Structure formats: C-alpha cells, structure tokens
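Report on the structure
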Amino acid sequence: MSTAITAIDVHVHVHDARARELRGPEAQRRDEERAAYFKRGTQSESLEEQAEQYRKRNMMAVLMNGTDETITGIKAIPNDFIAEAVQTYPDAFLGFGIIDPWQGELARREIRRCKELGLHGIGEFNPARQHFYPNDTRFYPLWEEAERLGLPVLFHSGYAAAGSGRPGGRGVKLKYTQPLHLDDVAADFPDLTIISAHPSWPWTAESLAIARHKANFYIDLSGWAPKYFPAELVQQVNTLLQDKTLFGSDAPSLPLDRWLREFEELEIKPEVRQKVMLDNAKQLFGLDR
Ligand SMILES: [Zn+2]
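Residues numbered from 1 in each chain as written. Predicted model: local features only at pLDDT ≥ 70, side-chain atom pairs only at ≥ 80, totals over all residues. Heavy atoms only, no water.

Inspection of the secondary structure puts Thr67 in the loop between strand 2 (59-64) and helix 4 (69-72). The sequence separation of Thr67 and Gln178 amounts to 111 residues, and the corresponding C-alpha distance is 19 Å. Not counting residues within four places of it along the chain, the set of residues in contact with Thr67 comprises Ile74, Ala76, Ile98, Ile99, Asp100 and Gln130. Looking at Thr67, its side chain comes within polar contact range of the main-chain nitrogen of Glu69, at 3.2 Å. (Helix = DSSP H or I, 4+ residues; strand = E, 2+ residues; numbered from the N terminus. Contact = heavy atoms within 4.5 Å. Polar contact = N/O pair within 3.5 Å; in protein donor to acceptor, adjacent residues only side chain to side chain.)

Below is the structure:
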C-alpha cells in the first residue's frame, strides 16, 4: 500500500456494466429502485472510473460483493470478478468476497477460496435479503471458518434501501438486521472481526453499545447521508468509539463526494477524523504491518 494513502472507504459496491450483465435483468430492476431511494441516476460506473475516483483523492476502496440467490434467484457477481478488479487496480482496491449462507459446506469452501483469491474479508452479508439470523448456530461453521482464516465479516445492519417504499418491501425483512443478533456472534467468536455496516437505524444505540462492549465489533458509517447522522452516533464516534469506527460511503449508491462533503461538515475532532478515515481500517486489515 502506498504511504500517500489518506483514507480507506471500507464499503463500496461495484456497478460496472460487465458485472451487471452477469447478474441479469432482475438485478438491474433492483439497482434502479435503489437508485431512486438514494435520488441518483442509474448509470453504470466502470471499475476504471471507480478506481480513478479514489486514486485522484489518494484514497482506497474496499469493494463489497453481495448475494441473496437462494431467496431471489438473482445471480451474484462472481467473487473472481472482485478478485480480478483488485489485481487490476491494486493501488485503488481491496475486495471482499461473498457467500450464500444457505449453501452450507459449499459456502464454507467458498470462504476458503476467497482467501486464496487474495480477498480481505467476507461481505456484505445482508440478513434482511438473505433471510437468516447471523446468530442461528446452523451458520456457525461459516463464522468459524472466517475466524480461522483471519477474514473480517461485514454485515448490513438496520434499515434497508432495498425494497424501501415498495409493496411488501420486496420481501426484505428488517427483523434480521437488528444488531443484537451480531452481539451473539461477536461473543461466541472473539477472534472474528465483525463490521456492522451503516448507522443501524432504528437500532443505532444498540450497535453503538455492542461496539463499545465487544473489542472485535466495529461499525462503518456507510449508506446514510452524514448530515442525517443521529446525534448520539456523532457523539460516540468522537469519544468512546473513535477506534471502532470506519469510513464507508456505500458508493455509488450514496455518492462518494456527497458523503465526504457532508462528513466534513460534522463536528468531528481532527484526531478522530484521522482514525475514522484511515488509521482504524489500516489496523483492521493489517496494512501497516
Ligand atoms: Zn452496502
């Protein structure tokens, strides 16, 4: 990693046209709905363009993958695609692979394969779309594998853009995203690094409490416009959770420049800003060793 890097965005999605094509028309429709939720355009963004956005700012991005194929039949972007993106733009990208938790032993093997592919973690799990409780012990072999391999896991937490305002929320079930379920996983796998993505509304306080209580539990600030961050989130990030909070945008759903601009306007102490934007992620991914 270049020493000139000033920030690591730990939560970025791929909207490259080739990746979209691999996923089919149903995925396309869902992307359009999500774009409407975030009030932005639906245009695809090539990996090259995305890499350039980070390079020109001396930043790096962690590419997330995702899947709910068992529930919706929508194909995931292959983990090999993410691994290839990281190999092609090593100065701009790190990457996470994804597994479908319902695939059992196959999923466990895919975690191992993600490690071999040089990926840095597993995620984004989205329990609301994947319809599973992370603390259901049927899934414990997966967390055991990730823990053994030293791969952090990232979970969507709280309110979902997916299905928002649609009939039945398009089958997305919010109950699965309550952070408290992750508290069990953090307790039962103390060497597993867990990242709870987003401010976790309406359970923000719950997520903050777990981050304070469990050394292996982190939060990212993605997917929520910083100008709407709950006051208690800003207050905790500035104080007790300054070593547990990670910069994440959820770009391109929430555009990077908007996230950065609004975060700049928050009352965050300069030394805390440095930790959130860079130092905490460097430490979590072992990049300064
Ligand atoms: Zn996300």
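From this point, the discussion proceeds with the structure in view.
Before going further, it helps to examine helix 3 (residues 47-55). Taken residue by residue, helix 3 has Leu47, Gln50, Ala51, Gln53 and Tyr54 as its buried positions. Projected down its long axis, helix 3 shows its buried positions confined to an angular sector of 155°, all on one face. (Buried < 20%, exposed > 50% of the residue type's maximum accessible area, 1.4 Å probe, protein only. Arc of directions from axis to C-beta.)

As a packed pair, helix 12 (residues 256-264) and helix 13 (residues 270-284) sit with axes 12 Å apart at the nearest point and diverge in direction by 160°. Between helix 12 and helix 13, the crossing angle belongs to the class labelled roughly antiparallel. The handedness of the crossing between helix 12 and helix 13 comes out as right-handed. Contacts from Trp259, Leu260, Phe263 and Glu264 of helix 12 reach helix 13 at Arg273, Val276 and Met277. Of the residues contributing to the contact of helix 12 with helix 13, the split by class is five nonpolar, no polar and two charged. (Axes fitted to C-alpha atoms, helices over the stretch in contact; angles between N-to-C directions. Parallel < 35°, antiparallel > 145°, perpendicular 65-115°, else oblique. Left-handed = near helix turned anticlockwise from the far one by under 90°. Nonpolar A, V, L, I, M, F, W, Y, C, P; charged D, E, K, R; others polar.)

Backbone torsion omega between Gly123 and Glu124 reads 10°, so that peptide bond is classified as cis. Position of Glu124 among the secondary structure elements: in strand 4 (residues 121-125). A cis amide bond links Ala251 with the next residue in sequence, Pro252, at an omega value of 0°. Although it is not a glycine, Asn58 adopts a positive phi angle of roughly 55°. Among the secondary structure elements, Asn58 is positioned in the loop between helix 3 and strand 2. Positioned with a positive phi, Arg170 is a non-glycine residue whose angle comes to about 55°. Note that Arg170 resides in the loop between strand 5 (153-156) and helix 9 (180-188).

To continue, consider the coordination of the zinc ion. Looking at the zinc ion, the protein donor atoms are His11 (NE2), His13 (NE2), Glu124 (OE) and Asp250 (OD), and they sit 2.0 to 2.7 Å from it. Geometry at the zinc ion is irregular, judged from the four donor atoms that bind it and their angles of 80 to 167° at the metal. Read N to C, the donor residues that coordinate the zinc ion are spaced as H-x1-H-x110-E-x125-D. Highlighted residues: Glu124 in strand 4 and Asp250 in the loop between strand 8 (245-246) and helix 12, separated in sequence by 126 residues. (Donors = N, O, S within 2.8 Å, 3.2 Å for Na, K, Ca; no water. Tetrahedral: all angles 85-135°; square planar, octahedral: opposite > 155°, others 65-115°.)

Below, the discussion takes up the packing of aromatic side chains. Tallying each qualifying case throughout the model produces 15 aromatic pairs. Three or more aromatic residues joined by ring pairs make a cluster, and in this case those are Trp102, Phe125, Phe132, Phe139, Trp143 and Phe155. We note Lys244 situated over the ring of Tyr218; from NZ or CZ to the ring centre the distance is 5.2 Å. Its end group placed over the ring of Phe263, Arg273 keeps NZ or CZ at 5.1 Å from the ring centre. (Phe/Tyr/Trp six-rings, centres within 6.5 Å; stacked < 30°, edge-to-face > 60°. Lys NZ or Arg CZ within 6 Å of the ring centre and 35° of its normal.)

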